[in-house]
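What follows is each chain in one-letter form.
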Amino acid sequence: MQIWSHNIDVQDLNDKGKGTLNAALGIEITSFTENTLTGRMPVNEQTIQPAGVLHGGASVAFAETLASWAGSLAVDDSRFHVVGQEINANHLRAGISGQWVQGTASPVHLGRKTHVWEIRITNEDHKLVCISRCTLAVLEIPGQYTRAEERTRS
């Protein structure tokens, strides 16, 4: 069953990520199915810890990015906006510098006021690096995701 409230344009999502943490970490949305959203992130000098492996905080930022995009696409963005409310992560193996990790967000619960998403981050060998669960609050305001040139400072 299709969960998306409107058409998904992967390039548009990546364009809206320019000038944000998404771009700073090299996060790219790559594909979607009827009920999942997938992206990738490099394991490089922007995302590693001093030990030379993927930083857990980068994994959490990646997971929340995927959940937030998925949540925003699952609501009517003319009426609703989603924001991260809680996230947890279990880091299961190191992400190796010079490789990419891939993450897939799947819905656990899509309610009127909250969403819960599971995000599975894997390495190039398809082994689980991190599993995360992110709760999003659904706010009754129009969606706020815009391109860099449309953002205003307050």
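Scope of this entry: the structure provided in the associated data block. This structure is a prediction, so every number in the text was calculated from the model and none was measured. (Residues numbered from 1 in each chain as written. Predicted model: local features only at pLDDT ≥ 70, side-chain atom pairs only at ≥ 80, totals over all residues. Heavy atoms only, no water.)

1. Topic: the overall build of the protein
Worth spelling out the cut-off: Secondary structure elements are taken from DSSP: a helix is a run of H or I of four residues or more, a strand is a run of E of two residues or more, and numbering for both begins at the N terminus. Every radius of gyration here is taken over C-alpha atoms, with the globule rule written as 2.2 Å times N^0.38, N being the number of residues. Relative accessible area decides the class of each residue, using a 1.4 Å probe on protein chains only: under 20% of the type maximum gives buried, over 50% gives exposed, and in between gives partly exposed. Residue contacts are counted whenever heavy atoms from the two residues lie within 4.5 Å of one another. Using a 1.4 Å probe, the Shrake-Rupley method yields the accessible areas, and only the shown protein chains count as cover for residues. In this charge count, Lys and Arg are treated as positive and Asp and Glu as negative; neither His nor the chain ends contribute. The location of each charge is read from NZ of Lys, CZ of Arg, CG of Asp or CD of Glu.
When helices and strands are tallied, the protein shows three helices and six strands. The secondary structure elements of the protein, listed N-terminal to C-terminal, are α-α-β-β-α-β-β-β-β. Computed over the C-alpha atoms, the radius of gyration of the protein is 15 Å, within 12% of the 15 Å expected from 2.2 N^0.38 for a compact globule of 154 residues. Considered along the principal axes of its C-alpha atoms, the protein spans approximately 45 × 35 × 25 Å. Going through the 154 residues of the protein one by one, you find that 40% of them count as buried. Here the analysis covers contacts within the protein between residues at least 6 apart in sequence; of these, 66% occur between residues at least 24 apart. With the model as given, the accessible surface of the protein reaches about 8200 Å², and the carbon-plus-sulfur share is 48%. Of the charged side chains in the protein, 13 are positive and 16 negative; the average position of the first set lies 4 Å away from that of the second.

2. Details of the pattern of salt bridges
Test applied: Throughout this description, the term salt bridge denotes a Lys or Arg side-chain nitrogen within 4 Å of a carboxyl oxygen of Asp or Glu.
All told, the structure shown has five salt bridges when counted by the stated rule. Residue Asp12 is joined to Lys16 by a salt bridge in which the shortest nitrogen-to-oxygen separation is 3.4 Å. A residue pair is termed a helical-turn pair when its members lie 3 or 4 positions apart in one helix, as Asp12 and Lys16 do in helix H1 (residues 10-16) at four residues. Here Lys18 ties to Asp15 by a salt bridge, and the two come within 3.4 Å at their closest N and O atoms. You can call Lys18 partly exposed: its relative accessible area is 48%.

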